[in-house]
Amino acid sequence: MLRDQLNANPANAPLLIEADEAITTLERGERVNLNALNPALRPLFAKEVQGFLIDAFAYDPAALIAETPVPVLIVQGMRDLQVSDTDAHRLADTAPEATLFLLPDVNHVLKVVSSDQTADNIAAYANPDLPIAQGVVDAVMQFIEQIDE
C-alpha cells in the first residue's frame, strides 16, 4: 500500500526507485541506511519508524481477516486519499464475518470532506473542530446492534 500511495503522487516520480528499494529492504526485515537516502525520503523511513514498518510489512491484512472468526466492521470513506475502496472490498471479500460500510464524502480520518480538492481533504486531517462523520457513528451503531441480535 505504501508503494501505491507513493506512486499515486506524480511529484514523487524522481524518488520512486529509491523508495521502492527502501521498502524492499524493510520487507526483508532489514533496516534502511538513512544517510544513503534522499533527504525527502528520510522522514518516511525514519529510524524511529523502521521497526514498526518491518513489523507491519510482515502481515497481509486480507489473510489475517480471513482467519478472524468474529464479526468485523470495515468502514471505508470514499474520499480516502490513502486507502481505496478496492482495499476495503478485498478485506470484506476475504472475511467470513465482515460488514462493509462505504461512506461518501468521508476521508481517511473519518471526517466529512465535500470537496474533490486534495488540499481540502488533507486540511481536514488536522482540523480538531471537524467531528467524526455521522455516517461513521451510524455504521458502528448498526454493526453493534446487528451483533446483539
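Residues numbered from 1 in each chain as written. Predicted model: local features only at pLDDT ≥ 70, side-chain atom pairs only at ≥ 80, totals over all residues. Heavy atoms only, no water.

Under an unreviewed UniProt entry, the protein has the name Alpha/beta hydrolase and belongs to Thioclava atlantica.

Trainee: Explain the overall build of the protein to me, using residue names and the numbers behind them.
Mentor: Secondary structure assignment for the protein yields 7 helices and 2 strands. Secondary structure elements of the protein occur, N-terminal to C-terminal, as α-α-α-α-β-α-β-α-α. For the protein, long-range pairs separated by at least 24 residues make up 54% of all intrachain contacts whose partners lie at least 6 apart in sequence. Accessible area for the protein stands at about 9400 Å²; split by element, carbon and sulfur atoms hold 56% of it. (Helix = DSSP H or I, 4+ residues; strand = E, 2+ residues; numbered from the N terminus. Contact = heavy atoms within 4.5 Å. Areas by Shrake-Rupley, 256 points an atom, 1.4 Å probe, with all protein chains shown as cover.)

Trainee: Could you give an account of the environment of T118, naming the residues involved and the relevant values?
Mentor: Position of T118 relative to the elements: it lies in helix α6 (residues 118-125). T118 gets classed as partly exposed once you look at its relative accessible area, which sits at 44%. Taking the C-alpha atoms as reference points, T118 and D80, 38 residues apart in sequence, are found 10.0 Å from one another. (Buried < 20%, exposed > 50% of the residue type's maximum accessible area, 1.4 Å probe, protein only.)

Trainee: How would you sum up unusual backbone geometry? Please name residues and give values.
Mentor: Of note in this structure, D105 is not a glycine but carries a positive phi near 60°. Turning to its location among the elements, D105 is positioned in the loop between β2 (98-103) and α6. D105 sits in the partly exposed class, given a relative accessible area of 30%. A positive phi angle, near 65°, is found at L110, a position not held by glycine. Secondary-structure assignment places L110 in the loop between β2 and α6. Here L110 falls in the partly exposed class, since its relative accessible area comes to 25%.

Trainee: Describe the domain arrangement of the protein, naming the residues involved and giving the relevant values.
Mentor: Domain annotation for the protein reports domain 1 (1-58) and domain 2 (61-148). Here domain 1 and domain 2 have C-alpha centroids that lie 25 Å from each other. (Domains from an automatic or database assignment.)

Trainee: So what about the pairing of strand β1 (residues 72-77)? Which residues, and what values?
Mentor: Here β1 runs beside β2; their pairing, made up of 6 bridges, is parallel. Bridge pairing in β2 links Q76 to L102. In terms of handedness, the path from β1 via helix α5 (residues 85-94) over to β2 forms a crossover that is right-handed. (Pairing = 2+ DSSP bridges. Right-handed = clockwise from strand over helix to strand, strands pointing away.)

Trainee: How would you explain the pattern of salt bridges if you had to name every residue and give the values?
Mentor: By the definition in use, this model includes 6 salt bridges. Across the pair R3 and D20 runs a salt bridge whose closest N-O atoms are separated by 2.3 Å. In this pair, R3 sits in helix α1 (residues 2-8) while D20 sits in helix α2 (residues 16-27), placing the two residues 17 residues apart along the sequence. The exposure class of R3 is partly exposed, given its relative accessible area of 26%. D20 gets classed as partly exposed once you look at its relative accessible area, which sits at 32%. In this structure, R79 engages D116 in a salt bridge whose closest nitrogen and oxygen atoms are separated by 2.3 Å. With a gap of 37 residues between them, R79 in the loop between β1 and α5 and D116 in the loop between β2 and α6 connect regions that are remote in the sequence. Look at D116 and you get exposed, because its relative accessible area is 67%. (Salt bridge = Lys/Arg side-chain N within 4 Å of Asp/Glu carboxyl O.)

Trainee: Lay out the packing of α2 against helix α3 (residues 47-57) in plain terms, naming residues and giving numbers.
Mentor: Packing of α2 against α3 brings their axes to within 8 Å, and their N-to-C directions diverge by 75°. Considering the angle they form, α2 stands roughly perpendicular to α3. Here α2 contributes I23, L26 and E27 to the contact with α3, which in turn contributes Q50, L53, I54 and F57. Considering only residue class, the contact of α2 with α3 consists of 5 nonpolar, 1 polar and 1 charged. (Axes fitted to C-alpha atoms, helices over the stretch in contact; angles between N-to-C directions. Parallel < 35°, antiparallel > 145°, perpendicular 65-115°, else oblique. Nonpolar A, V, L, I, M, F, W, Y, C, P; charged D, E, K, R; others polar.)

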